[in-house]
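Structure at a glance
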Amino acid sequence: MSAMSRREFVKNVAMSATAAGFISASGSELRANPLGLPIGCQTWPVREMIAKDFPGTIKQLSAAGFQTIELCSPVGYAEHGFAGVGKYSGAELRKILADAGVSCVSSHFSITELRENQEGRIAWAKDVGLTQMLVPTLEGPKKPTMDDVKRAADEYNKMGERSGKAGIQQGLHNEDFELTTVDGHRTYDLLLGLLDPKLIKFQFQVSTISEGYDAAEYFAKYPGRFHSMHVQGWSSQTKKIMPVGQDSLDWKKIFTAAKTGGIKNYFVEMNLDMMRASVPYLHKLQV
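Scoring rules and cut-offs
- Residues numbered from 1 in each chain as written.
- Predicted model: local features only at pLDDT ≥ 70, side-chain atom pairs only at ≥ 80, totals over all residues.
- Heavy atoms only, no water.
- Buried < 20%, exposed > 50% of the residue type's maximum accessible area, 1.4 Å probe, protein only.
- Phe/Tyr/Trp six-rings, centres within 6.5 Å; stacked < 30°, edge-to-face > 60°.
- Helix = DSSP H or I, 4+ residues; strand = E, 2+ residues; numbered from the N terminus.
- pLDDT = per-residue confidence, 0-100.
- Contact = heavy atoms within 4.5 Å.
- Core = buried A, V, L, I, M, F, W, Y, C linked by side-chain atoms within 4.5 Å.
- Pairing = 2+ DSSP bridges.
- Right-handed = clockwise from strand over helix to strand, strands pointing away.
- Axes fitted to C-alpha atoms, helices over the stretch in contact; angles between N-to-C directions.

Here the focus is unusual backbone geometry. One non-glycine residue with positive phi stands out, namely D176, at about 45°. Residue classification places D176 among the partly exposed positions, given a relative accessible area of 32%.

What follows is the structure in structure tokens.
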């Protein structure tokens, strides 16, 4: 999620101040689940914990049942609690993750840091062992023209080409700019048409169902265009974020469509208690 959207997001899903909600998962809960993929989580919701104790936070996420994590860049997200991650070398980060029993192949980067020094950020990603670099948004105007969308797509295609040459897949999340419209057409759909499928993959934010963006529909409509998703439960009755499995979404349908969409990993992204409460359901979900 983008910095702006993340701030709005956490207003609706108040972040727990401590890790008290975490409980250790049993051995069976640590095995792979829907689509045979490990249960993952985004580290944004625990950014305040990460700012204080990165290794300890990762251990607690592992104890909660998460097998893989998605980071946020210590450069692009420095002011949001991730600056301290930058003090570790790639080897040190890999050891911290391995010691906790989790893996990490993906991280979010701001489009600004890629504009300013994409080569340097690629070097950091490779040092950490990442294979996916995501940007939350291309940061276009709130009321874009078609030319604005084309310019954004052209810039990002070039970034995707540079990343691809380094062996890293570039990917786009859907926030802010991507949820605008141009002459009655969704900017997100326009970008799916303008961004090169060989260079750019997409990461779907499931909670955008609140804006009418249905994950299963997009996975079916654009096969092979997605490589990951951010998972949030959503109640159509209360219009609020809920733990996965305690909501109104058809998760079997979503994960079945995810096969078509090309999903390679997924990351739960809610407050601590909700993330923990989602693990048992995801563990049992068979697709």
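The discussion continues.
A few words now on the packing of aromatic side chains. Under the defined criterion, the tally for this structure stands at 17 aromatic pairs. Aromatic side chains F54 and Y88 sit 5.9 Å apart centroid to centroid with 40° between the ring planes, which places their arrangement in the tilted category. In this pair, F54 sits in helix α3 (residues 54-63) while Y88 sits in the loop between β2 (68-72) and α4 (90-100), placing the two residues 34 residues apart along the sequence. Ring plane angle 55° and centroid distance 6.0 Å describe the contact between F202 and F226, whose orientation is recorded as tilted. Pair noted here: F202 is in strand β8 (residues 200-205) and F226 is in strand β9 (residues 226-231), with a separation of 24 residues, a long-range link. For the pair F202 and F226, a shared accessibility class is recorded, and that class is buried.

Right, let's talk about the confidence of the model for the chain for a bit. If pLDDT is low for a region, its predicted coordinates should not be looked at in detail. For the chain, mean pLDDT is 91; residues scoring 70 or higher make up 89% of the total. Between residues 9-32, whose pLDDT stays under 50, and residues either more than four places distant or in other chains, the model counts 53 contacts.

Looking at the element boundaries, R186 is found in strand β7 (residues 185-186). By relative accessible area, which is 27% here, R186 ends up partly exposed. Sequence separation between R186 and Y213 is 27 residues, and the spatial gap between their C-alpha atoms is 10.0 Å. Once residues within four sequence positions are removed from consideration, R186 is found in contact with T180, T181, E211, G212, Y213 and Y218.

With that settled, consider α3. Residues three or four positions apart in an α-helix share a direction because the helix packs 3.6 residues into each turn. Buried residues of α3: F54, G56, T57, I58, L61 and S62, and no others. Buried residues along α3 sit against β1 (40-42), α2 (47-52), β2, α4 and α10 (272-284). Phi turns positive one or two residues past the end of α3, at G65, with a value near 110°.

Below, the discussion takes up the nonpolar core. In this structure, F219 and M229 are the most contacted members of the largest nonpolar core, which totals 83 residues. Broken down by element, this core gets its largest block of residues, 6 residues, from helix α5 (residues 111-128). When residues no more than four places from it in sequence are discounted, the contact partners of M229 are Q203, F204, V206, F219, I254, F255, A258, I263, N265, Y266 and F267.

The element β9 is extensively covered by neighbouring structure, given that 6 of its 6 residues are classed as buried. Across 4 bridges, the pairing between β8 and β9 is parallel. Across the sheet, the residue bridging to F202 is F226, located in β9. Remark: the β8/helix α8 (residues 215-221)/β9 crossover connection has right-handed handedness.

For the rest of this paragraph, the subject is the sheet that holds β9. Backbone hydrogen bonds hold the strands of a sheet together, and the pairing may be parallel or antiparallel. Strand order in the closed barrel formed by 8 strands is β1-β2-β3-β4-β5-β8-β9-β12, with parallel pairing between adjacent strands. When strand polarity is set aside, the average angle formed by the axes of neighbouring strands in this sheet is 30°. Looking at chain direction, β2 and strand β3 (residues 103-108) are connected through 4 bridges and run parallel. Within the sheet, the bridge partner assigned to C72 lies in β3 and is H108. Across the sheet, helix α7 (residues 187-194) lies against β5 (169-172), β8 and β9, angled at about 155° from β8, the strand it touches most. The sheet contacts of helix α9 (residues 251-261) involve β9 and β12 (265-268), and relative to β9 the element is tilted by about 160°.

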